[in-house]
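Each chain is listed here by its residues.
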Amino acid sequence: MTEELSQLSTRIASALTRHTGGAVTVRNLKPLHGGACQDNYRVDLTFSSGPLRGERRLALRSDAKQSLPGSINRQREFDVIAAAVQAGVRTPAAHFFELGLVREGAGAYFLDWIDGEAIGRRVVRNPELAQARTSLPDELGAQLARIHSVTPQNTPRPLFGDDVAWRQGAAQASLAALRRMTDALPEVHPAVEVALRWLEDHVPARNEITLVHGDYRTGNFMVTPQGLSGVLDWEFAHWGDPMEDLAWISVRDWRFGVLDQPVGGFSRREPFYAAYEKASGRTVDTRAVRYWEVMGNVRWAVGSVYQGERYLGGQESDLELIAIARRAVEMEHEALRLIRKGA
């Protein structure tokens, strides 16, 4: 263990001892990589008391040095997870929020550890997950319905602070945020500008607002041979149009090369939509889903560029961020293809 990890282990033991009132031993601490926007670690611990008493493996999640635009901080993410767990969403529970644990000023918390495969290309291709892929449309549709059961009206405290923008319209608020991201890019992207103009001219007439996961896609849920084991990565959660989540999972990059299976690289659209409608009692607005799919491809095209900038600016050292940035043109092309197909 490096000196830096050794010091973090000491801080973790001290913080958790304070939270639980009993001695806590850190047996092992390992950074988790793979293009994540935040800093994640696997932690093996022994608790001497409290509800987690005994040997436990948890995930530690902390604010990164630089995050993508639109990402909420870990305190808000901690609160969102609590609301999702309360709604019955199959997601690991969060524990022990701390400020300054990993680095000064950075929020962090611990998650229950769940087993499974999250790497997208393996989820859509590995033979041992073939049976699981047949059940994913039903399972993911049902979990999404539970996420969308959380609304500003039934949440005891504000999850995202001032939500006036979302009352003015989910699409309008997302467009404004996307325009701010685009204007801050180091260079002009003509395809993005064309797609943004189309999005501005075709805003759907919808006013339903629910909790939106914001990154509900292959790579952000864990899969075992038996099926879905849990939904992860709530950092882009917000109040918005539930159709946004149904579209995001079909963004080109989240199919991981299996382009003829538009839902996450493992399903056609119809079974997924049918499962969602059955579980939620809500009718899928396919025109709105198409709109949000265009926006999703534009959003990830811009987000991919930002991932590369995190590396080029020296904030992060993960080379995978450069590979992500190179895929921006694929999403630009897909957004324009969808616009042309719809027209």
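Just above, that's the structure.
Scoring rules and cut-offs
- Residues numbered from 1 in each chain as written.
- Predicted model: local features only at pLDDT ≥ 70, side-chain atom pairs only at ≥ 80, totals over all residues.
- Heavy atoms only, no water.
- Pairing = 2+ DSSP bridges.
- Helix = DSSP H or I, 4+ residues; strand = E, 2+ residues; numbered from the N terminus.
- Axes fitted to C-alpha atoms, helices over the stretch in contact; angles between N-to-C directions.
- Contact = heavy atoms within 4.5 Å.
- Core = buried A, V, L, I, M, F, W, Y, C linked by side-chain atoms within 4.5 Å.
- Buried < 20%, exposed > 50% of the residue type's maximum accessible area, 1.4 Å probe, protein only.
- Parallel < 35°, antiparallel > 145°, perpendicular 65-115°, else oblique.
- Left-handed = near helix turned anticlockwise from the far one by under 90°.
- Nonpolar A, V, L, I, M, F, W, Y, C, P; charged D, E, K, R; others polar.

Overview of the sheet that holds strand 1 (residues 24-32)
- Pairing within the open sheet is antiparallel, and its five strands lie in the order 1-2-3-5-4. With one partner strand each, in any of the chains shown, strand 1 and strand 4 (94-99) form the two edges of the open sheet. Averaged over all pairs of adjacent strands, the angle between their axes in this sheet comes to 25°, without regard to strand direction.
- In this structure, strand 3 (residues 54-62) lies alongside strand 5 (residues 107-112), joined through five bridges in antiparallel fashion. The residue of strand 5 that forms the bridge with Leu-58 is Asp-112.
- Here helix 1 (residues 3-20) sits on the sheet and contacts strand 1, strand 2 (39-47), strand 3, strand 4 and strand 5; the angle it forms with strand 1, its principal contact strand, is near 130°.

Quick word on the nonpolar core
- Leu-140, Leu-211, Trp-234 and Leu-246 are the most contacted members of the largest nonpolar core, which has 66 residues in total.
- Ranked by residues supplied to this core, first place goes to helix 10 (residues 286-312) with ten residues.
- When near neighbours in sequence (up to four residues on either side) are disregarded, Leu-211 contacts Val-80, Ile-147, His-148, Val-150, Phe-160, Trp-234, Ala-237, His-238, Trp-239 and Asp-245.
- In this structure, Leu-5, Leu-8, Ala-15 and Phe-96 belong to the second largest nonpolar core, which totals 21 residues.

Focus: the packing of helix 4 (residues 130-147) against helix 9 (residues 269-280)
- It is at 8 Å that the axes of helix 4 and helix 9 come closest, and there the two elements cross at 40°. Judged on the interaxial angle alone, helix 9 and helix 4 are oblique. As helix 4 packs across helix 9, the resulting crossing turns out to be right-handed. Packed against helix 4, whose contacting residues are Pro-137, Asp-138, Leu-140, Gly-141, Ala-142, Leu-144 and Ala-145, the element helix 9 presents Pro-271, Phe-272, Ala-275, Tyr-276, Ala-279 and Ser-280 at the interface.
- Looking at side-chain class alone, the contact of helix 4 with helix 9 contains ten nonpolar, two polar and one charged residues.

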